[in-house]
Amino acid sequence: MSPTRRPPIVGRFQPEEVALATRNSGMPLEALRYDVTPVGLHYLLIHFDIPEGDAASWTLELGGLLERPARLSLAQIRALPQKTLRVTLECAGNGRAQVSPRYPSMPWIEEGASTAEWTGTPLAGVLEAAGLRAQATHLVFSGTDRGIDRGIEHEYARSLVLDEAMRDEVLLVHAMNGQPLLPQHGAPLRLIVPGWYGMASVKGLAKSEAVDRPFEGVQQALSYHFRREPGEAGVPCTHMRVNALMIPPGIPDFYKRSRLVEAGAQRLRGRAWSGGGTPVAKVEVCVNGDWRAAVLEPAAASPWAWRGWHFDWQAEPGEHELACRATDAAGAVQPLAPVWDIAGFGNNAVQRVAVTVR
Ligand SMILES: Nc1nc2c(c(=O)[nH]1)N[C@H]1C(S)=C(S)[C@@H](COP(=O)(O)O)O[C@H]1N2
Ligand SMILES: [Mo]
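Computed from a predicted structure; not experimentally measured.

A.B. asks: Summarise the overall build of the protein; cite the residues concerned and give the values.
C.D. replies: A count of helices and strands for the protein gives 5 helices and 22 strands. For the protein, the C-alpha radius of gyration of 21 Å lies close to 21 Å, the compact-globule estimate for 358 residues. In terms of overall dimensions, the protein has a C-alpha envelope of 70 × 50 × 40 Å along the principal axes. A separation threshold of at least 6 residues defines the contact pool for the protein, and within that pool the share at least 24 residues apart is 72%.

What follows is the structure, encoded as structure tokens:
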């Protein structure tokens, strides 16, 4: 076979999309082999610049409608009761690049999801100690990374209604997979909100403020809404939608990422998850249009983490399309094609992998 060169590309790429894609790395899909994603393979989403977070001088300000406003050092937070939870995070924009026309933002294809073991103290304990006032209805969480989006200058900040913020699994986290948080994952302290799309898990958490009304910040009130048309009020993005991904089998073409697979017995493997603590009930694999049940591996290590699955495939020579889809215990199932959203949020359409079997 004579070596071939790819033809040069005429025309434009969007430099902003390329810049975002290099800042915000995805999890290479072969890393689905790890139940806990190694720290350096965990996906990243950083809206502005990575702030400097000095562990020695860091404080978390607890303010707003509290009986006893407080300022906690990292050492004080580490001295509180500790909990480690295995949690799958997925960016709400994961799958955006499959939606057409695509929204000018982080061009995720499907790699904006990962799982880590997060260690910290439950937020509820800290808020109880500070004494929430009766009027408090929402908690606003702010990072220190500042920038401009939609023409509005702000710090990255998100809110939760009180009942959500007080759930046992919502943690003030200082360690990821047993190591202190790295700068890009929100050092030295972040919020982790299991079961939700990643935007709720504010990194570099510097302030928690108890308030008596919905938060109107950019990342809460303007962004992270499902909308079919601009100007719609929309529906807030909250829990992750059911999703499954497979490790692309065989070997890739360097540029196209199409796959070459040997004929014969092949075990396809992947992971599936849903949001809000809803377990995955079923995973199916499709080979050339024929859907069959995959084997679910033992239950996930936590209700907040993905679950492994596999499917034994007799690969016949030729061209094939593989796909996988999960159904959760609430009956939610992945759509076969992206469901339209102007910002490309919540696209959990089934993953499709083209393979050549030889
Ligand atoms: N301070 C701050 N927190 C943030 C963000 C951010 O840009 N700044 N991005 C959010 C989004 S959209 C996601 S998907 C997750 C990603 O977390 P990770 O980069 O640790 O995977 O962090 C969330 N927390
Ligand atoms: Mo995200």
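A.B. asks: Run through unusual backbone geometry, naming residues and quoting values.
C.D. replies: Cis rather than trans, the peptide bond between Ser100 and Pro101 has omega equal to 0°. Structurally, the position occupied by Pro101 is in the loop between β3 (83–90) and β4 (113–122). For the bond running from Ala187 to Pro188, omega is -5°, close enough to zero to count as cis. Among the secondary structure elements, Pro188 is positioned in the loop between β8 (179–180) and β9 (190–192). Even without a glycine there, the phi angle at Asn177 is positive, about 50°.

A.B. asks: Describe in detail the sheet that holds strand β6 (residues 152–161), supporting the description with residues and values.
C.D. replies: With respect to topology, 5 strands assemble into an open sheet ordered β2-β1-β10-β5-β6, the strand pairing being mixed. For this open sheet the edge positions go to β2 (70–73) and β6, each flanked by a neighbour on one side alone. For this sheet, the mean angle separating the axes of adjacent strands, direction not counted, is 25°. Pairing of strand β1 (residues 59–64) with strand β10 (residues 207–211), which is carried by 4 bridges, proceeds in the parallel orientation.

A.B. asks: Just give me the short version of the domain arrangement of the protein, but keep the residues and values in it.
C.D. replies: Domain boundaries in the protein define domain 1 (15–236) and domain 2 (243–357). Counting residues at the interface gives 40 residues for domain 1 and 26 residues for domain 2. Taken together, the connections running from domain 1 to domain 2 amount to 1 salt bridge. Notably, a salt bridge pairs Arg271 with Asp35, separated by 3.0 Å at the nearest N-O pair. For the interface between domain 1 and domain 2, the tally reads 18 residue pairs in polar contact (both at pLDDT 80 or more). For the side of domain 1 that touches domain 2, the leading source of residues is β3, giving 5 residues. Looking at the side of domain 1 that touches domain 2 residue by residue, the classes come out as 16 nonpolar, 12 polar and 12 charged.

A.B. asks: Explain the packing of aromatic side chains to me, and be specific about the residues and the numbers.
C.D. replies: Within this structure, the stated rule accounts for 3 aromatic pairs. Measuring from centroid to centroid gives 5.6 Å for Tyr43 and Trp108, while their planes differ by 85°, and the two rings are edge-to-face. One end of the pair, Tyr43, is in the loop between α1 (15–23) and β1; the other, Trp108, is in the loop between β3 and β4, with 65 residues separating them in the sequence. Of the two residues examined, Tyr43 and Trp108, each falls in the buried class. Considering the side-chain rings of Trp273 and Trp306, the 5.9 Å spacing of their centres and the 55° angle between planes classify their relative orientation as tilted. Here Trp306 lies in the loop between β19 (295–296) and β20 (307–315) and Trp273 lies in strand β16 (residues 264–273), a separation of 33 residues in the sequence. We classify Trp273 as buried; its relative accessible area is 1%.

A.B. asks: I'd like a rundown of empty space enclosed by the protein, residues and numbers included.
C.D. replies: Summed over the entire model, instances satisfying the criterion amount to 3 cavities of 30 Å³ or more. Roughly 340 Å³ of volume is contained in the largest cavity. What lines the largest cavity is a set of 27 residues, and nearest its centre among them are Leu45, Ile46, Arg190, Ser201 and Lys203. Around the second largest cavity sit 13 residues that line it, and Glu110, Asn243, Leu245, Asn347 and Ala349 are the ones nearest its centre. If one sorts the elements of the lining of the second largest cavity by residue count, strand β13 (residues 243–246) sits on top with 3 residues.

A.B. asks: I'd like to hear about the sheet that holds β20, residue by residue, with values.
C.D. replies: Sheet architecture is open: 4 strands sit in the order β13-β16-β20-β19, paired in antiparallel fashion. Edge positions in the open sheet fall to β13 and β19, since each of these has one partner strand only. Here β13 pairs with β16 via 4 bridges, running antiparallel. When the bridges of β16 are listed, Leu245 appears paired with Arg271.

A.B. asks: Tell me about the layout of surface pockets, and name the residues and values.
C.D. replies: Left-over empty space is what a probe sized like a water molecule reveals as it rolls over the atoms. Of the volumes computed, that of the largest pocket is approximately 510 Å³. Lining the largest pocket are 18 residues, and of these Leu29, Glu110, Pro248, Arg257 and Arg259 sit closest to its centre. For the lining of the largest pocket, the element with the highest residue contribution is strand β22 (residues 351–357), accounting for 4 residues. Here the lining of the largest pocket is composed, by residue class, of 9 nonpolar, 2 polar and 7 charged. Lining the lining of the largest pocket are residues from two domains, each supplying at least three of them: domain 1 (15–236) and domain 2 (243–357). Along the wall of the second largest pocket there are 22 residues; nearest its centre are His47, Pro104, Ser105, Met106 and Asp149. Considered class by class, the residues forming the lining of the second largest pocket number 13 nonpolar, 6 polar and 3 charged.

Parameters at a glance
Residues numbered from 1 in each chain as written. Chains lettered and ligands numbered in written order. Predicted model: local features only at pLDDT ≥ 70, side-chain atom pairs only at ≥ 80, totals over all residues. Heavy atoms only, no water. Helix = DSSP H or I, 4+ residues; strand = E, 2+ residues; numbered from the N terminus. Rg over C-alpha atoms; globule rule 2.2 N^0.38 Å. Contact = heavy atoms within 4.5 Å. Pairing = 2+ DSSP bridges. Axes fitted to C-alpha atoms, helices over the stretch in contact; angles between N-to-C directions. Domains from an automatic or database assignment. Salt bridge = Lys/Arg side-chain N within 4 Å of Asp/Glu carboxyl O. Polar contact = N/O pair within 3.5 Å; in protein donor to acceptor, adjacent residues only side chain to side chain. Nonpolar A, V, L, I, M, F, W, Y, C, P; charged D, E, K, R; others polar. Phe/Tyr/Trp six-rings, centres within 6.5 Å; stacked < 30°, edge-to-face > 60°. Buried < 20%, exposed > 50% of the residue type's maximum accessible area, 1.4 Å probe, protein only. 1 Å grid on protein atoms, 1.4 Å probe; cavity = no way out; pocket = protein on both sides within 12 Å on 5 of 7 lines; lining within 4 Å. Points joined across faces, edges and corners; volume = space filled by probe spheres on them.

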